Amino acid sequence: MYGEVMRENAWLSRTVEVQQGQKVIDTGLYGKIRHPMYSAMILLFLSMLLICGSVYAFLIFLIYPLLLAKRIKNEEAVLLTGLEGYAEYTRKVRYRLVPFIW
């Protein structure tokens, strides 16, 4: 999933910004959820916790999705104001992180 996202979206960046020439990606996983990279990160972290079997690490992990939700809301605000076609994309692809949930 992580590799697919990297292949599909050349605009990936740690910094939330709209880059020159950037366009909305709505194919592949981006046609199902708006932030597949974050979904992949959650699955990766969760699988590491399950392999390690640490209850304490799992409890700390529960904070991560809340922080990620805040980042997603900030990112979407930036994209809605700065990326042409993003508002239409949000109407087309309704789910941010998990299909049929959020």
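Residues numbered from 1 in each chain as written. Predicted model: local features only at pLDDT ≥ 70, side-chain atom pairs only at ≥ 80, totals over all residues. Heavy atoms only, no water.

A. Region of interest: the confidence of the model for the protein. Of the residues in the protein, 85% reach a pLDDT of 70 or more, and the chain-wide mean stands at 84. Within the protein, helix H1 (residues 2-8) has the poorest average pLDDT of any element, 58, and helix H5 (residues 86-92) the best, 94. (pLDDT = per-residue confidence, 0-100. Helix = DSSP H or I, 4+ residues; strand = E, 2+ residues; numbered from the N terminus.)

B. Examining the pattern of salt bridges more closely. Going through the model one piece at a time under the given rule, you end up with 3 salt bridges. For Lys 92, the salt bridge identified is with Asp 26, shortest N-O distance 3.1 Å. Taken together, the residues span a long stretch of sequence, with Lys 92 in helix H5 and Asp 26 in the loop between H1 and helix H2 (36-52) at a distance of 66 residues. The class for Asp 26 is partly exposed, based on a relative accessible area of 33%. Glu 76 is the salt-bridge partner of Arg 96, the closest N and O atoms lying 2.9 Å from each other. (Salt bridge = Lys/Arg side-chain N within 4 Å of Asp/Glu carboxyl O. Buried < 20%, exposed > 50% of the residue type's maximum accessible area, 1.4 Å probe, protein only.)

C. Main features of the packing of aromatic side chains. What the rule picks out here adds up to 5 aromatic pairs. Look at Tyr 86 and Tyr 89: their rings are 5.5 Å apart centre to centre, the planes differ by 50°, and that puts the pair in the tilted class. One end of the pair, Tyr 86, and the other, Tyr 89, are both in helix H5, 3 residues apart, so they sit about a helical turn from each other. Relative to Phe 100, the ring of Tyr 95 lies with its centre 5.6 Å away and its plane at 55°, an arrangement referred to as tilted. The exposure class assigned to Tyr 95 is buried, which follows from its relative accessible area of 19%. Residue Phe 100 is classed as exposed on the basis of its relative accessible area of 71%. Three or more aromatic residues link up through ring pairs in this structure, and these residues are Phe 45, Phe 58, Phe 61 and Tyr 64. (Phe/Tyr/Trp six-rings, centres within 6.5 Å; stacked < 30°, edge-to-face > 60°.)

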